[in-house]
Amino acid sequence: MAQRLNPSQWTPACAAHLLNRAGFGGSPAEVQALHALGLDGAVQRLLEGAPDDDLFPPPVLTLPGEIFDRIQTARRSASEDAKQELLKEGRREQHAQIRALRCWWLERMRYGLHPLREKMTLFWHGHFATGVEKVKMAWIMWQQNETFRARALGSFRSLTKEVSRDPAMMRYLDLPQSNRDKPNENFARELMELFLLGEGVRYTEDDIREAARAFTGYRIDPRKGSFLFLPRQFDAGAKTFLGKTGPFDGDAVIDILLAQPESCIFLARKLVTFFVSDAPQPALEQQTAATLRRSDWVVKDALREIFTSAAFYSPRVMRSQIKSPVQWLVQTARVLEAPLPSQTALEAAMSQLGQVLFAPPNVKGWEGGRAWISSATLLFRCNLAGYIVSGKAPEMEGFRKGSGAVEIPLTRIAPPALRREPAALCDALCERLLGARLGGEDRERLVAFLGARGPDLDDRSLRDFLHLLMSTPEYQLT
Amino acid sequence: MKNDTLHTRRTFLRTGVLGGAVAWTLPVFLERTFFALDAAAADVAIQTATGRDAPILVVLQLAGGNDGLNTVVPWADDAYFRARPRLAVPADKTLKLNDRLGLHPRLTALRRLYDSGDLALIQGVGYPNPNRSHFRSTDIWQTASDADQFERQGWIGRYFDSCCAGEDPAVGVSVGRQSPLAFSARTPKGVTLSRPEQFRFMAESAGDPAATEAAFREMNAGETMEADAAGASIQSLGGAGAMVGGDTMDYLRRTALDAQVSSDRILEITRRVRSSVTYPNSQLASSLHLVSRLIAGGMPTRVYYVSQGGYDTHSGQAGSHDRLLGELDAAVGAFVSDLEAQGNFRRVMLMTFSEFGRRVAENNSGGTDHGAAAPLFVIGGGVKPGIYGRQPSLNELVRGDLVYNVDFRSVYATILEKWMTARSESVLHRKFTTLDFI
């Protein structure tokens, strides 16, 4: 076991940190409730969550069979123009559906009853990155998302096997074009490089070729949009893979890869980077890897280990992670106890900040950490904050006048009594938004800013103040 | 001692020039300028660009692995047509450069540049033990490392470190959302932006814009340049110790400050400068359009970085590769005309690169898989036109791939030495043969 956090060190700040990292943050009341459960109780609550499927019916998505029929119809159309028009219409529809799906998922992160499961779904989306620009069908992307959700905290072994038969992943990495005569190496390569081992770890180009043969015959049923195995396209011959020889199929290749000693540490490191810190945490990584091995890859056990460890709550770790754009958007709504911005605003924000759900930059997923922040994205975060608190869209790409204001419950966040005390108001809002009070000159400046606005702070000034707090470097961290 | 001088000067600047304003601190680039003065005294090869006369490099990344064989086509080689029964560009369609090579039919502007003596084609560029992973191979190109070495800093970043200490942050400008690994440096430098009109803090939505903007500038000025002290102003809840943002907080503060000092100038230039040339409608074209306006506006930038994605043509390559090359050609063509109209073409050099070429044989999906060596283009008023390197043999393949004969770091070394007048060894860690294209 990694060294556990001493229960006497379990503070409200620890509870806030847990809620931020294992979920998407929350209001002061939510933090308080979590703190009251104690360390083990709080971690258990997050690991278990509560059922919320019924609360989030998916948007209307065209089924693969219908798309298939439409493409057939288009192919038979009288003129090339008519055909192109039909196909274009189909693309437009899919485009709208994927946008709706993005909002649906963000809403689920914002209001769902199992935040850790959504966070892990996001983790898997980055790990088994798949992009809609190549997959092209919203329904198939949604299916993959539901697979990630259903398996979010379960067995990584089962999840990996399911992903290898997942139509979105198959389309993304060209598996349906792979056959016994010409196996396509794309999936086999990324399986080792990005999903299970790490670049160049143990395997050679020969291993990639042999593994590619094992994944032949994988097809997608065009009417159902589901996995289909074509035995006559499968290469049933003997393969020599990582020193073993046999007539391996895809699942056997995955089992061999998971038996490599490096595979546990590979996933452990990724989990620790995602939940704890960009800086290496060798002890915690080793412990997490050992737990994965011992439990035969049960992710929930590994996460419990991480969330109860002393390392997770170290001062070097707390409030030191750069928020991903999705984390920034959802956490902002949650700490302000406000709804998410409108669909157009969300789309523009995700695109400008560099994290569009269902469209990772490539099969490696999002790089994360400092890569989220450039001079361009940092300024955009500040301007997005201005839009969210004021409802006024500045001249930013994708925003229109009337993109819709976000209703922020200003009276709850800053009750009238508190508005008469600039220093107390400053502290309360810093705790809510930054997870800590500011000290020194920063606090003096902010209190002076509030003081200069007169004795009874009006809503406009309060909005300016929130904009300011959300434009600090501190607000980019969680 | 040098450090003493630096410290004294820094203190002087804080207390003297800025009148001891407690609330303000030194913008990072000003501090670098003072470091540069010290370094100049110590005879370090600092280059100061004025924005009017210095040579400029534009790096254009073709992301995803451009198919070199269909870009510069060996139209007289039967082996090419045997390997590509479906994807070969017909010999009579290529834009012939000589009795063996022809450009892809969409590369008409590049062909004109070749004819006018402004384009060098470098054949068979790659590196030993090529890696077929996009990510790893891109890293190798961006850091100029050996295939088995892992470098944290990019080759352009190391050029900034060794030659541009003290320059303003806009010495490197990358168009996009993410700063490329090539820019990564010991002393972080370089500005990233996608749309200039958004590249500023917008306070007009505020109830009191002036006060909010002033407060924003103050809040982002930072307390001190010391890395770990930057986050120390936050007190913790519940007494679990002070916030230690450490390097990350320092990075955020520096980025905020660099953004702030560059944004006013960039905005001013893009509002003032207009191009006389009409650019086509593509992302690459608008990136190059922005670069040309920043050059015309006199930015002290030495390296610009732009990219075009989509070259990972595993399936259905025929149409998509034509479209990509057409887009590339039209954008570069407009950019060159624009620079010529400005009178800046002679001081700009554009280099293309891609992480690898593609497999010689086409695959079963009407595409090509990850490969190795490929050609690249260098364009500019200062190039010695012609074809450099050799077309790799299509009969002597390694793992189905072309074998390189020009190390890409020789291309970098040539540009560093002969164009940027930098000592390439200090950037590339060792001596690479330079070529004659400059």
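In this report, we go over the structure that sits alongside the text. Keep in mind that this is a model prediction, so the values were computed, not measured.

Structural notes on the overall build of chain A
- The helix and strand tally for chain A stands at 24 helices and five strands.
- The globule rule puts the C-alpha radius of gyration for 478 residues at 23 Å, and the 25 Å found for chain A is close to it.
- In terms of overall dimensions, chain A has C-alpha extents of about 80 × 65 × 40 Å along its principal axes.
- Of all 478 residues assigned to chain A, the portion counted as buried reaches 59%.
- Long-range contacts, defined as pairs at least 24 residues apart, comprise 72% of the intrachain contacts of chain A with a sequence gap of at least 6.
- Of the roughly 18100 Å² of accessible surface on chain A, 53% is carried by carbon and sulfur atoms.
- Counting 62 positive and 57 negative side-chain charges, chain A places the centres of these two groups 1 Å from one another.

Structural notes on the interface of chain B and chain A
- Between chain B and chain A, the contact holds 65 residues from the first and 70 residues from the second.
- In total, chain B and chain A occlude about 6100 Å² of area from one another, counting both sides; carbon and sulfur atoms represent 55% of this.
- For the pair chain B and chain A, the interface holds six salt bridges.
- Arg453 of chain A is paired through a salt bridge with Asp208 of chain B; the nearest N and O atoms lie 4.0 Å apart.
- Seen at the junction of chain B and chain A, the total is nine residue pairs in polar contact (both at pLDDT 80 or more).
- The set of elements that each furnish at least two residues to the side of chain B that touches chain A consists of helix H5 (134–143), strand E7 (191–193), helix H7 (209–219), strand E8 (234–235) and helix H8 (246–272) of chain B.
- For the side of chain B that touches chain A, the leading source of residues is H8 of chain B, giving ten residues.

Overview of unusual backbone geometry
- The backbone of Lys136 of chain A sits at a positive phi, close to 70°, despite the residue not being glycine.
- For Lys136 of chain A, the location among the structural elements is in the loop between helix H7 (132–135) and helix H8 (138–150).
- A relative accessible area of 48% means that Lys136 of chain A is categorised as partly exposed.
- One non-glycine residue with positive phi stands out, namely Thr421 of chain B, at about 45°.

Considering the sheet that holds strand E4 (residues 102–103) of chain B
Residue and element names in this part refer to chain B.
- Read from one edge to the other, the open sheet built from three strands follows the order E2-E4-E3, with strand pairing classed as antiparallel. Of all strands in the sheet, those bounded by a partner on one side alone are strand E2 (72–73) and strand E3 (95–96).
- Where E3 meets E4, two bridges bridge the pair, whose relative direction is antiparallel. Bridging from a neighbouring strand, Leu95 pairs with Leu103 of E4.

Overview of helix H9 (residues 156–164) of chain A
- Along H9 of chain A, the residues classified as buried are Phe156, Leu159, Thr160, Lys161, Val163 and Ser164 of chain A.
- For H9 of chain A, the N-terminal capping position is held by Ser155 of chain A, with its side-chain oxygen 3.2 Å away from the main-chain nitrogen of Arg157 of chain A.

A short note on the pattern of salt bridges
Residue and element names in this part refer to chain A.
- Evaluation of the coordinates by the stated rule reveals 59 salt bridges over all chains.
- Arg213 is paired through a salt bridge with Asp235; the nearest N and O atoms lie 2.6 Å apart. Taken together, the positions of Arg213 in helix H12 (residues 205–214) and Asp235 in the loop between strand E2 (226–229) and strand E3 (239–241) put the pair 22 residues apart, joining distant regions of the chain. Across the pair, exposure class does not vary: Arg213 and Asp235 are buried alike.

Examining the packing of helix H22 (residues 422–434) of chain A against helix H24 (residues 459–470) of chain A
Residues and elements named next belong to chain A.
- Packing of H22 against H24 leaves a shortest axis separation of 11 Å and a crossing angle of 50°. What the angle tells us is that H22 and H24 run oblique. Between H22 and H24 lies a crossing whose hand is right-handed. Contacts between H22 and H24 involve Leu425, Cys426, Leu429, Cys430, Leu433 and Leu434 on the former and, on the latter, Leu462, Phe465, Leu466, Leu469 and Met470.
- Tallied by class, residues from the contact of H22 with H24 come to eleven nonpolar, no polar and no charged.

Considering the packing of aromatic side chains
- This structure, assessed with the given rule, holds 33 aromatic pairs over all chains.
- Their ring planes at 80° and their centres at 4.9 Å tell us that Phe274 of chain A and Phe275 of chain A sit as a pair that is edge-to-face.
- Assessed through its relative accessible area of 0%, Phe275 of chain A is described here as buried.
- Ring centres of Tyr388 of chain B and Phe437 of chain B lie 6.1 Å apart, and the angle between their planes is 65°; on these two criteria the pair is classed as edge-to-face. Of this pair, Tyr388 of chain B sits in strand E12 (residues 386–388) while Phe437 of chain B sits in the segment after helix H12 (424–428), and the two are 49 residues apart along the sequence. Here Tyr388 of chain B and Phe437 of chain B have matching classes, each one buried.
- Its end group placed over the ring of Phe24 of chain A, Lys119 of chain A keeps NZ or CZ at 5.2 Å from the ring centre.
- Above the ring of Phe227 of chain A, the side-chain terminus of Arg165 of chain A is found at 6.0 Å from the ring centroid.

Re the nonpolar core
- Judged by nonpolar contacts, the single largest core of 209 residues is most densely connected at Leu18, Met120, Trp124 and Leu303 of chain A.
- Excluding residues within four positions of it along the chain, Trp124 of chain A makes contact with Ala129, Phe148, Arg151, Ala152, Phe156, Leu159, Leu267 and Val299 of chain A.
- Formed by 44 residues, the second largest nonpolar core is a distinct cluster that contains Ala144, Leu416, Leu428 and Ile438 of chain B.

Quick notes on the pairing of E2 of chain A
Residue and element names in this part refer to chain A.
- Looking at chain direction, strand E1 (residues 218–221) and E2 are connected through four bridges and run antiparallel. In the strand pairing of E2, Arg219 is matched with Leu228.
- In this antiparallel pair of consecutive strands, E1 and E2, the connection spans four residues, and Gly225 shows a positive phi of 65°.

So, the pairing of strand E10 (residues 348–353) of chain B
- Of all six residues in E10 of chain B, six are buried, a share of seventy percent or more.
- Side chains Val348, Leu350 and Thr352 of chain B of E10 of chain B all project onto a buried face; the interleaved residues Met349, Met351 and Phe353 of chain B project onto the opposite face, where all are buried too.

Section: the environment of Leu37 of chain A
Residue and element names in this part refer to chain A.
- Within the element layout of this structure, Leu37 appears in the loop between helix H2 (28–36) and helix H3 (38–48).
- The partly exposed category is assigned to Leu37, whose relative accessible area is 34%.
- C-alpha of Leu37 to C-alpha of Ala15: the two residues are 22 residues apart in sequence and 9.4 Å apart in space.
- Ignoring any residue separated from it by four or fewer positions in sequence, one finds Leu37 in contact with Ala42 and Arg45.

Let's talk about the side chain of Arg21 of chain A
Residue and element names in this part refer to chain A.
- Mapped onto the elements of the fold, Arg21 is located in helix H1 (residues 12–22).
- Salt bridges are absent for the buried Arg21, whose nearest opposite-charge side chain, Asp278, sits at 8.9 Å.
- When neighbours within four sequence positions are excluded, Arg21 is seen to be in contact with Lys119, Phe275, Val276, Phe312, Val317, Met318, Arg319, Ser320, Gln321 and Thr478.

Looking at the packing of helix H19 (residues 375–390) of chain A against H24 of chain A
Residues and elements named next belong to chain A.
- As a packed pair, H19 and H24 sit with axes 9 Å apart at the nearest point and diverge in direction by 155°. In terms of their interaxial angle, H19 and H24 are classed as roughly antiparallel. Classified by chirality, the crossing of H24 by H19 is right-handed. Between H19 and H24, the residues in contact are Cys382, Ala385, Gly386, Val389 and Ser390 and Arg463, Leu466, His467 and Met470, respectively.

What counts and what doesn't
Residues numbered from 1 in each chain as written. Chains lettered and ligands numbered in written order. Predicted model: local features only at pLDDT ≥ 70, side-chain atom pairs only at ≥ 80, totals over all residues. Heavy atoms only, no water. Helix = DSSP H or I, 4+ residues; strand = E, 2+ residues; numbered from the N terminus. Rg over C-alpha atoms; globule rule 2.2 N^0.38 Å. Buried < 20%, exposed > 50% of the residue type's maximum accessible area, 1.4 Å probe, protein only. Contact = heavy atoms within 4.5 Å. Areas by Shrake-Rupley, 256 points an atom, 1.4 Å probe, with all protein chains shown as cover. Lys, Arg positive; Asp, Glu negative; His and termini not counted. Charge placed at Lys NZ, Arg CZ, Asp CG, Glu CD. Buried area = accessible area lost by both parts, 1.4 Å probe. Salt bridge = Lys/Arg side-chain N within 4 Å of Asp/Glu carboxyl O. Polar contact = N/O pair within 3.5 Å; in protein donor to acceptor, adjacent residues only side chain to side chain. Pairing = 2+ DSSP bridges. Axes fitted to C-alpha atoms, helices over the stretch in contact; angles between N-to-C directions. Parallel < 35°, antiparallel > 145°, perpendicular 65-115°, else oblique. Left-handed = near helix turned anticlockwise from the far one by under 90°. Nonpolar A, V, L, I, M, F, W, Y, C, P; charged D, E, K, R; others polar. Phe/Tyr/Trp six-rings, centres within 6.5 Å; stacked < 30°, edge-to-face > 60°. Lys NZ or Arg CZ within 6 Å of the ring centre and 35° of its normal. Core = buried A, V, L, I, M, F, W, Y, C linked by side-chain atoms within 4.5 Å.

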